[in-house]
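Examination of the molecular architecture
Chain by chain, the residues run as shown.
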Amino acid sequence: MLILSRKTDEKIKIGDEITITIIEVRGDQVKVGVEAPKDVKVFRQEVFNAIKNENKSAAEIPSAENIDRLKKLLKV
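Residues numbered from 1 in each chain as written. Predicted model: local features only at pLDDT ≥ 70, side-chain atom pairs only at ≥ 80, totals over all residues. Heavy atoms only, no water.

1. Side note on the overall build of the chain
Rule in force here: The helix count covers DSSP runs of H or I at least four residues long, the strand count covers runs of E at least two residues long, and both are numbered beginning at the N terminus. With the radius of gyration taken over C-alpha atoms, the globule rule is written as 2.2 Å times the number of residues to the power 0.38. For this analysis, residues touch if any pair of their heavy atoms sits within 4.5 Å.
Summing up its helical and strand segments, the chain has two helices and three strands in all. In sequence order, the chain lays out its α and β elements as β-β-β-α-α. The globule rule puts the C-alpha radius of gyration for 76 residues at 11 Å, and the 21 Å found for the chain is more than 25% above it. With the C-alpha coordinates of the chain rotated into their principal frame, the extents come out at 60 × 30 × 25 Å. Within the chain, counting contacts between residues at least 6 apart in sequence, those at least 24 apart form 2% of the total.

Written out as structure tokens, the structure reads:
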């Protein structure tokens, strides 16, 4: 892990297309701006984890019991 010290309005470059700007530092909170191409997804870690968990749950193979419940609901 690379650790950098930055002050307000200073920037960090990641490759040619991503720029991180320190917007504000107040106590133990830091506001950060991220400039990246539209095809680069940028998430807070907790949001990324939630999306990952939802995708994992959605991709799980349904059990026979759950399939039977669905059949009853759909009256198949």
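Following the structure, the description resumes.
2. Re the pattern of salt bridges
What counts, and what does not: What makes a salt bridge here is a side-chain nitrogen of Lys or Arg within 4 Å of a carboxyl oxygen of Asp or Glu, nothing more. The cut-offs for exposure are 20% and 50% of the maximum accessible area for each residue type, with area from a 1.4 Å probe on protein chains only; residues under the lower value are buried, those over the upper are exposed, and the others partly exposed.
Within the structure shown, the criterion is met by four salt bridges. The residue R6 makes a salt bridge to E10 at a minimum N-O spacing of 3.6 Å. Overall, the relative accessible area of 27% leaves E10 in the partly exposed class. Connected via shared salt-bridge partners are E24, R26 and K31.

3. Remarks on the side chain of T19
For clarity, the threshold we go by: We call two N or O atoms a polar contact when they sit within 3.5 Å, provided that within protein one can donate a hydrogen and the other can accept it, with sequence-adjacent residues counted only if both atoms are side-chain atoms.
By the secondary structure assignment, T19 is in strand β2 (residues 18-26). Taking the relative accessible area as the measure of exposure, T19 reaches 10% and is therefore buried. A polar atom in the side chain of T19 sits 3.0 Å from the side chain of K13.

4. Here's the deal with a nonpolar patch on the surface
Basically, it comes down to this: Note on patches: the residues involved have over 30% relative accessible area and no salt bridge, like charges join within 9 Å, and the nonpolar side chains Val, Leu, Ile, Met, Phe, Trp and Tyr join within 5 Å. The method behind every accessible area is Shrake-Rupley, applied with a 1.4 Å probe, and residues are considered shielded solely by the protein chains displayed.
On the surface, a nonpolar cluster with roughly 440 Å² of combined accessible area is contributed by V25, V30, V32, V34, V40 and V42. Ranked by residue count, the leading element in the nonpolar patch is strand β3 (residues 29-35), at three residues. With respect to the element layout, V30 can be found in strand β3.

5. Re the pairing of β2
Worth spelling out the cut-off: Any two strands between which DSSP finds at least two bridges are classified as paired.
Strand direction decides the pairing type here: strand β1 (residues 11-14) and β2, joined by four bridges, are antiparallel. What sits directly across from I14, in β2, is I18. Of the pairings in the sheet, the one linking β2 to β3 comprises seven bridges and is antiparallel in character. Its bridge partner being in β3, E24 is matched across the sheet by K31. The turn linking β2 back onto β3 is made up of two residues, and G27 within it adopts a positive phi angle of 65°.

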